[in-house]
Amino acid sequence: MTVKFTISLPNDLAALVRSQPNTSGYIADAIRIRQRVDATQAALAAAGIGPIPPEVREQIEASVRELQRRRADPKWRAELDARLAAINAGKFPA
Amino acid sequence: VTVIRLLDTGALLAYAQDDAPVVGSYLVSCAENGWQMQTSSVCVAEAYRSATDDAVDLLDLLLSLPQVDVVECTANDGRITGLLGKHVGRLGLAHSCLLAMSSQTPLFTAEAAEAGRVLDGFLIEELPKG
């Protein structure tokens, strides 16, 4: 079930939303992400863990970019597969 | 879902004992970006075995979050997990190393030296020993 209503957005966000093929779905996804963030932050705050310092956030995002770059490298995948195969064959270290 | 880190027994306990704020930061980042972290069911068992009463509550919380996925050690994993265990010691760490290599995902661990016997450096994120 869905509900129809009107919202106001800053110009830049309105342009972004209008550019989406499914504007309602895009906004619903954004709200769901915000719900996840709020729930996680609330749970962590209850456990005494505060918000992310900006420099840590940047480090995490940089590390994920590097991870994605590595995962796109088939040579790395092959090296890991070869190492697992050697361990499985009892031939590690070579 | 993009899995960005694995948590071994030591990482679970470090979080639960508030010794690893970086794990909490990763959890919030996962929530913001739709990412996940994974942990082995063997590590979960080892962590609960070693946890104090207060740490048990925090482990319950951590494992209830949708950003943390527990991966079973399946029958197919048994052989190679045991063989990895010969190199690294504990079976939780061994299964974590298997997951790290098979899913190309770095492992948060307080046992970096042991993990380094089978993993390349990029797959190891060292946490302070609790």
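What comes next is a walk through the structure.

About the thresholds
Residues numbered from 1 in each chain as written. Chains lettered and ligands numbered in written order. Predicted model: local features only at pLDDT ≥ 70, side-chain atom pairs only at ≥ 80, totals over all residues. Heavy atoms only, no water. Core = buried A, V, L, I, M, F, W, Y, C linked by side-chain atoms within 4.5 Å. Buried < 20%, exposed > 50% of the residue type's maximum accessible area, 1.4 Å probe, protein only. Helix = DSSP H or I, 4+ residues; strand = E, 2+ residues; numbered from the N terminus. Contact = heavy atoms within 4.5 Å. 1 Å grid on protein atoms, 1.4 Å probe; cavity = no way out; pocket = protein on both sides within 12 Å on 5 of 7 lines; lining within 4 Å. Points joined across faces, edges and corners; volume = space filled by probe spheres on them. Nonpolar A, V, L, I, M, F, W, Y, C, P; charged D, E, K, R; others polar.

By size, the foremost hydrophobic cluster in this structure holds 34 residues, and its most contacted members are L12, Y15, L27 and M37 of chain B. Mapped onto this core, the elements with two or more residues apiece are α2 (23-46) and α3 (54-71) of chain A together with β1 (3-7), α1 (9-16), α2 (21-33), α3 (41-50) and α4 (53-64) of chain B. The element best represented in this core is α1 of chain B, accounting for six residues. Ignoring any residue separated from it by four or fewer positions in sequence, one finds L12 of chain B in contact with L7, T39, C43, V44, A47, L59 and L62 of chain B.

Another aspect to go through is the side chain of T105 of chain B. Mapping T105 of chain B onto the fold places it in the loop between α6 (91-103) and β4 (107-109). Residues contacting T105 of chain B, with those up to four places away along its chain left out, are R71 of chain A together with V3, I4, R5, L6, A100 and L123 of chain B.

Residue and element names in this part refer to chain A. Of the pockets and cavities examined, the largest pocket occupies roughly 550 Å³. In terms of lining, the largest pocket is formed by 16 residues, of which the most central are V3, F5, T23, S24 and I27. Looking at which element gives the most residues to the lining of the largest pocket, the answer is α2, with six residues. Of the residues in the lining of the largest pocket, the class split is nine nonpolar, five polar and two charged.

Here we take up unusual backbone geometry. Geometrically, the link from F92 of chain A to P93 of chain A is a cis peptide bond, its omega value of -10° lying close to zero. Tracing the backbone through its elements, the reader meets P93 of chain A in the segment after α4 (74-88). For Q104 of chain B, which is not glycine, the phi dihedral falls at a positive 55°. Looking at the element boundaries, Q104 of chain B is found in the loop between α6 and β4. We classify Q104 of chain B as buried; its relative accessible area is 9%.

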